[in-house]
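Fold and geometry: a report
Given next are the chains, with one letter for each unit.
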Amino acid sequence: MAAPMTNDQSWFYALAFGVTIIKCLLINAYHSTDFEVHRNWLALTHSLPVSKWYYEATSEWTLDYPPLFAWFEYGLSHIARLFDEEMLVLWNLNYASPATVLFQRLSVIVTDLVLFYAVKECCKCLREDKAKDILGRPCFILAVLLLWNFGLLIVDHIHFQYNGFLFGILLLSVARHLQNRHFEGALLFSILLNLKHIFLYVAPAYVVFLLRCFCFTKNNADGSLQWTSFSFLRLVALGSIVVSIFGVSFGPFIALGQFSQVLLRLFPFKRGLCHAYWAPNIWALYNIADKVFSIIGVKLKVLDASKLPKASMTGGLVQEFQHSVLPSVSPLVTLVCTLLSILPALFMIWFRPNGARGFLRCLIVCALGSFMFGWHVHEKAILMAILPLSLLAVESREDARIFLILSITGHYSLFPLLFTTQEMPIKIFLMLLFTIFSFSSLRLLFRKAGSLLNSLETLYLLGLLPLEVICEFIFPLTLWQKSFPFMPLMLTSVYCSLGVTYAFIRLYISLLTSSCKAKRIKTQ
Amino acid sequence: MFGDYEAQRHWQEVTYNLPVQEWYYNTTNNDLEYWGLDYPPLTAYHSLCCAYVAQLFNPDWVELFTSRGFESHSHKLFMRATDVLIYIPAVLFYCFYLCDGTPKQKVATSLCILLYPGLVLIDYGHFQYNSFSLGLALWGILGLSLGWDMFGSLAFTLALNYKQMELYHALPFFCYLLGKCIRLGLTGWGFIHLVKISLTVLVTFAFCWMPFLSDPKHSLQVLHRLFPDKVANTWCSLNVLIKIKSLLSRETQLLLSFALTLLFVLPSSLKLLTRPSFWQFRLALVNSSLAFFLFSFQVHEKSILLAALPVCLIISEMPLVAIWFLLTSTFSMLPLLLKDGLLLPYIVTSLAFLFLSVYLLSAFERITSEELRFYPYQRWLPKFNLGRNVKWTFCFSLVTMATLSFTSVYLKPPAKLPDLFPVLVSILSFLHFLAFMMHFNLVQLMEPRSKKSLKKNN
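Procedures and definitions
- Residues numbered from 1 in each chain as written.
- Chains lettered and ligands numbered in written order.
- Predicted model: local features only at pLDDT ≥ 70, side-chain atom pairs only at ≥ 80, totals over all residues.
- Heavy atoms only, no water.
- Helix = DSSP H or I, 4+ residues; strand = E, 2+ residues; numbered from the N terminus.
- Rg over C-alpha atoms; globule rule 2.2 N^0.38 Å.
- Buried < 20%, exposed > 50% of the residue type's maximum accessible area, 1.4 Å probe, protein only.
- Contact = heavy atoms within 4.5 Å.
- Areas by Shrake-Rupley, 256 points an atom, 1.4 Å probe, with all protein chains shown as cover.
- pLDDT = per-residue confidence, 0-100.
- Axes fitted to C-alpha atoms, helices over the stretch in contact; angles between N-to-C directions.
- Parallel < 35°, antiparallel > 145°, perpendicular 65-115°, else oblique.
- Left-handed = near helix turned anticlockwise from the far one by under 90°.
- Nonpolar A, V, L, I, M, F, W, Y, C, P; charged D, E, K, R; others polar.
- Expected span 1.5 Å × (residues − 1).
- Phe/Tyr/Trp six-rings, centres within 6.5 Å; stacked < 30°, edge-to-face > 60°.
- Lys NZ or Arg CZ within 6 Å of the ring centre and 35° of its normal.
- 1 Å grid on protein atoms, 1.4 Å probe; cavity = no way out; pocket = protein on both sides within 12 Å on 5 of 7 lines; lining within 4 Å.
- Points joined across faces, edges and corners; volume = space filled by probe spheres on them.
- Buried area = accessible area lost by both parts, 1.4 Å probe.
- Salt bridge = Lys/Arg side-chain N within 4 Å of Asp/Glu carboxyl O.
- Core = buried A, V, L, I, M, F, W, Y, C linked by side-chain atoms within 4.5 Å.
- Domains from an automatic or database assignment.
- Polar contact = N/O pair within 3.5 Å; in protein donor to acceptor, adjacent residues only side chain to side chain.

What follows covers the overall build of chain A. Looking only at helices and strands, chain A has 21 helices and 0 strands in total. Here chain A has a C-alpha radius of gyration of 24 Å; the compact-globule value for 524 residues is 24 Å, and the two agree. Structurally, chain A occupies a C-alpha span of about 65 × 60 × 45 Å along its principal axes. Here chain A, with 524 residues, has 55% of them falling under the buried criterion. Contacts in chain A between residues at least 24 apart in sequence constitute 77% of all its contacts with a sequence separation of at least 6. Summing over all exposed atoms, chain A offers an accessible surface of approximately 23100 Å²; the carbon and sulfur share of this is 69%.

All names here are of chain B. Residue-level pLDDT values for chain B average 81, and 86% of them are 70 or greater. For chain B, the element scoring lowest by mean pLDDT is helix 17 (residues 375-378), at 68; helix 14 (residues 319-332) scores highest, at 92. Below pLDDT 50 for its whole length, residues 230-241 participates in 29 contacts with residues either more than four positions away or in separate chains. For residues 451-458, every residue scores under 50 in pLDDT, and the model assigns this stretch 21 contacts once sequence neighbours within four places are set aside. Both confidence scores are given for the complex: pTM 0.83, ipTM 0.72.

A separate point is the packing of helix 16 (residues 397-412) of chain A against helix 18 (residues 455-462) of chain A. All names here are of chain A. Relative to each other, helix 16 and helix 18 sit at 15°, their axes nearing to 11 Å. Between helix 16 and helix 18, the angle is such that the two are roughly parallel. When you trace helix 16 past helix 18, the crossing you get is left-handed. On helix 18, the residues touching Arg-401, Ile-405, Ile-408 and Thr-409 of helix 16 are Glu-457, Tyr-460 and Leu-461. Looking at the contact of helix 16 with helix 18 residue by residue, the classes come out as 4 nonpolar, 1 polar and 2 charged.

As a further point, take helix 1 (residues 4-17) of chain B. Residue and element names in this part refer to chain B. With 14 residues, helix 1 should cover 20 Å at 1.5 Å per step; its first-to-last C-alpha distance of 20 Å lies within 8% of that length. Summarising burial for helix 1: 12 of the 14 residues are buried, a large majority. Residues Asp-4, Tyr-5, Glu-6, Ala-7, Gln-8, Arg-9, His-10, Trp-11, Gln-12, Glu-13, Val-14 and Thr-15 constitute the buried set of helix 1.

The full count for this structure, using the stated rule, is 58 aromatic pairs over all chains. With centroids separated by 5.9 Å and ring planes inclined at 85°, the aromatic side chains of Trp-11 of chain B and Tyr-39 of chain B adopt a geometry described as edge-to-face. In this pair, Trp-11 of chain B is assigned in helix 1 and Tyr-39 of chain B in the loop between helix 1 and helix 2 (41-57), connecting sequence segments 28 residues apart. No difference in accessibility class separates Trp-11 of chain B from Tyr-39 of chain B, as the two residues are buried. On the numbers, 6.1 Å between centres and 75° between planes, the contact of Trp-148 of chain B with Phe-151 of chain B is edge-to-face. An aromatic cluster of three or more residues is present, and its members are Phe-35, Trp-41, Tyr-65, Phe-69, Phe-72, Phe-160, Tyr-162 and Phe-165 of chain A. Positioned above the aromatic ring of Tyr-39 of chain B is the side chain of Lys-163 of chain B, whose terminal nitrogen or guanidinium carbon lies 4.4 Å from the ring centre.

Scanning the entire structure with this criterion turns up 4 cavities of 30 Å³ or more. In this structure, the largest cavity encloses a volume near 60 Å³. Looking at the largest cavity, the residues that line it are Asn-130, Ser-133, Leu-134, Lys-163, Met-165, Glu-166, Lys-302, Ser-303, Leu-305 and Leu-306 of chain B. Elements that contribute at least two residues to the lining of the largest cavity include exactly helix 6 (130-145) and helix 13 (304-313) of chain B. In terms of residue count, the dominant contributor to the lining of the largest cavity is helix 6 of chain B (3 residues). Among the residues making up the lining of the largest cavity, the classes are represented as 4 nonpolar, 3 polar and 3 charged. Roughly 50 Å³ of volume is contained in the second largest cavity. Looking at the second largest cavity, the residues that line it are Lys-23, Asp-112, Leu-115, Leu-146, Leu-147, Asn-149, Leu-152, Leu-153, Asp-156, His-157 and Gly-164 of chain A. Of all the secondary-structure elements, those providing two or more residues to the lining of the second largest cavity are helix 4 (98-125), helix 5 (138-147) and helix 6 (150-160) of chain A. Examining the composition of the lining of the second largest cavity, we find that 4 residues originate from one element, helix 6 of chain A, more than from any other. Per-class residue counts for the lining of the second largest cavity are 5 nonpolar, 3 polar and 3 charged.

Contact with chain A, which involves 15 residues of that partner, is made by 11 residues of chain B. By the criterion of area lost to chain B, the three top residues of chain A are Phe-17, Ile-21 and Thr-421 of chain A, representing 35% of everything that side buries. Counting across the interface, chain A meets chain B through 0 salt bridges. Of all the secondary structure elements, the ones that give two or more residues to the side of chain A that touches chain B are helix 1 (10-25) and helix 17 (423-445) of chain A. Examining the composition of the side of chain A that touches chain B, we find that 7 residues originate from one element, helix 1 of chain A, more than from any other.

This part is about the nonpolar core. When a protein is soluble and globular, its nonpolar side chains tend to lie buried together. Residues Phe-189, Phe-199, Leu-368 and Leu-406 of chain A are the most contacted members of the largest nonpolar core, which totals 164 residues. Ranked by residues supplied to this core, first place goes to helix 14 (residues 355-373) of chain A with 13 residues. Leaving out residues up to four positions away in the same chain, Leu-406 of chain A has contacts with Leu-368, Ile-382, Ala-385, Ile-386, Leu-389, His-411, Val-500 and Ala-503 of chain A. Counting 119 residues, the second-largest nonpolar core is a separate cluster that includes Cys-95, Tyr-176, Leu-326 and Met-437 of chain B.

With that settled, the discussion passes to the environment of Val-222 of chain B. All names here are of chain B. Within the secondary structure layout, Val-222 lies in helix 10 (residues 216-226). A relative accessible area of 0% means that Val-222 is categorised as buried. Separated by 198 residues in the primary sequence, Val-222 and Tyr-24 place their C-alpha atoms 6.0 Å from one another. Excluding its chain neighbours within four sequence positions, the residues that come into contact with Val-222 are Tyr-24, Trp-209 and Phe-212.

Residues and elements named next belong to chain B. On domain assignment, one finds that chain B holds domain 1 (3-79) and domain 2 (82-457). Domain 1 puts 22 residues into the contact, and the matching count from domain 2 is 27 residues. With both sides pooled, the region where domain 1 packs onto domain 2 buries about 2300 Å², and carbon together with sulfur makes up 60% of that total. Sorting the residues of domain 1 by area buried against domain 2 places Tyr-24, Tyr-25 and Leu-42 first, and these three jointly supply 24% of that buried surface. At the boundary of domain 1 and domain 2, one finds 0 salt bridges. Our count for the domain 1 to domain 2 interface comes out at 5 residue pairs in polar contact (both at pLDDT 80 or more). For the side of domain 1 that touches domain 2, the secondary-structure elements that each account for two or more residues are helix 1, helix 2 and helix 3 (73-98). With 5 residues, helix 2 is the single largest residue contributor to the side of domain 1 that touches domain 2.

This paragraph deals with the pattern of salt bridges. Residues and elements named next belong to chain A. Here the structure, examined in full by the defined rule, presents 16 salt bridges over all chains. Salt-bridge contacts for Lys-124 lead to Glu-121; the nearest nitrogen and oxygen are separated by 3.1 Å. In this pair, Lys-124 and Glu-121 are both assigned in helix 4, 3 residues apart and thus about one turn of the helix distant. The exposure class assigned to Lys-124 is partly exposed, which follows from its relative accessible area of 33%. A salt bridge links Arg-357 to Glu-395; its shortest N-O distance comes to 2.7 Å. Taken together, the positions of Arg-357 in helix 14 and Glu-395 in the loop between helix 15 (383-393) and helix 16 put the pair 38 residues apart, joining distant regions of the chain. In this structure, a network of salt bridges that share partners links the residues Glu-121, Lys-124, Arg-176, Arg-181 and Glu-184.

Residues and elements named next belong to chain B. Where helix 8 (residues 167-184) contacts helix 11 (residues 250-274), the two axes come as close as 7 Å, and the packing angle between them is 30°. The orientation of helix 8 relative to helix 11 falls into the category roughly parallel. The handedness of the crossing between helix 8 and helix 11 is right-handed. Taken together, the residues of helix 11 that come into contact with helix 8 (itself represented by Leu-171, Pro-172, Cys-175, Tyr-176, Leu-178, Gly-179 and Arg-183) are Val-265, Ser-269, Leu-272, Leu-273 and Thr-274. Residues that form the contact of helix 8 with helix 11 fall into these classes: 8 nonpolar, 3 polar and 1 charged.

Here you go:
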């Protein structure tokens, strides 16, 4: 079941070294406001006592990650002191001396070691392949797809975030489940939840899987649940692990009576349905449909133009988007939609579990479903679906197809994050590199069953090229640049949401049909 | 800030706004003291084309006088793009069509050549257009190797008209083509071939210099700008005359440098003349440019790039020695890079190049005497385990270079010797280059005739 890593593991270290070199070269590239966010958190965890962490509001970037991350920043701040003491001063807003930049970037690069370890573990979980050529082996392809993932490079090392380290923990947890070390997997996931609560998106998959496959130790002959095999001991053990982690994390704040304040900071629902740049999900399509209907309505004189809400696309950063024709969407509606979208998947792994791989598939569906229907989703969240999908992509042809569509569209939707001219050649070059590699290696891997993508899908993906040319080069030179400055963002978002929706539907179909196949094939 | 980027922008301003005849003259509109044009006409035409495009984006960039000090990222990007389009295809073409080996080896070679830190740092960090002229020269080399002599000479003449430093490569081109013509027979086809090549070269020169040929005074002025005769105040970092500059008069120094250059260039050129093969051609390019670099009178540190390009072309045949040379060449430019604040890119690119090229080209495995092309030494030291000793010397030399880099950055020189570290860097580099030049000359001159001891003999 577990594929032994070849004795010659030098290729893994060469890949890791190569990507680290690229990260080092990106040290002085553009960084977004997230850089200042993290600097501010270093300063506040260092200079203030714990009781003030979630109340501090000198800077607009208040602490909105769970406590374990705050402790992580506190640990980093002690090393930061050696680089530049000034960055730890709270009111040094937007302080970005060269030493600060160097320290922060190096901290991301060093914490990526967690990702390296996780990728190594994931490669061990793949089925063994006897291909002689190293470039054609699934473990090599998986290592490149994960280590050199375009989205991670762009978001972490240019835009500035700590996703490599967080996704490393997620992938490690998945790898542990694939290796049947469920306690460690659960422990890692609890730690992860306390580092960044966005991973709540995939928590339902964990809960249902662990309950079904771990707490109930045996299945009946036909694969259905054997209620009598419930192991109370395991449930208690899991529960205590989770509770103790949460206790360590939230304990101090509960003791200080600040629990509600922490929750308020973690879940700010005051923000609008969509981010300023619409993430390519269902709501982007909803918004555009609403806009189109309103324009048609005004043209046909069915609607009164003066009665329509003024928050429109013609100017300004749109946070609150009032819909004119279609009904407005509230946070509750999005929650219900999300739950409805992931329920079938959860039912699937409850009634027809497919082992750890079924769990992985369900995890991806949960991540993608929450991305599609969530409230105020950031486009970076697409990485939560793309990275775990890489594991499935190197093993099955259908998953490779979905992976190609999802990763190319998802990565392209990250382009607006880097809008500076200097970063343009970098982002185009890295994107081409990753796309060409993933396409050619996956095609080579599954060449026996014909071509991976059909003509419609290929056409859609090729359509991204003219879209990029229009948005980046042609549009800024036209007259519409002044009157509709957000048109390129809207076009990108809508075009990508088509691809993401398609990938979501296909993924669901593969989930529902694979469970049927599982009854015939021996699961792992 | 006000560095080479401003020079390039200023040339665009000058070429766009002033008539051709005034480009190289010191007039009220064209102050030659402020980044005056000092490259041949093709650079000026390139600047003119860039100026036209720049003007489309934003006329303010090339306004006479008022645009000084102007910086723009889109502008820089556009200028870089024209550069890259010549050099990178040439490298890829070379690796995929003219190199031996499996496709993976070809990809590895092309990656290593493109990663050469010296060119990357100077062109992208320092902001220059060396890859344009080097790319053209490379197309010239490719043309000659494929037997398209006309195309090759055309490309090289264009390179020469872009930067006069390409003269370093001129002698091997000349000897190779002449040797080929002699082989074809000087009384028959060879003569016709020679005439065709000469015509190509002359016509190309005429086209480039056309606006200046109307009046011989113009051409002389251009030449005056290209080869200034003012005394070199520049401290020639790798020139051995640094110690005797005060002892000898300027004329004697010129004569001495000329004599030494000729001395070291002649053997390799003559050998190329007698045996014009592609391998000999590449080695002759290395030897000639190294000789010019070491013994010429007024040399800039960046001229090592002209020697580095031919060495990149032999990286697949002699990986260890070539990698060693390329790393030394990057190290020799350290003082320049530190001045530009390129320390971090220098460290990262050098490390990347070292590890990736050693790994991809299996440099440490290919160290048998045969593969290292150490046949000249085999006669004198037959029992010496050259391979292992070369490896250890390589590592030792790298450690020395790394230590010196580290001390240049972090330690303060003693008050009496403020230039201690740059001088140490140049002395160390000079010794390395001298050794390399000896080695490459021996490899070229003592190439055995039999095919048994060489993998690649063309």
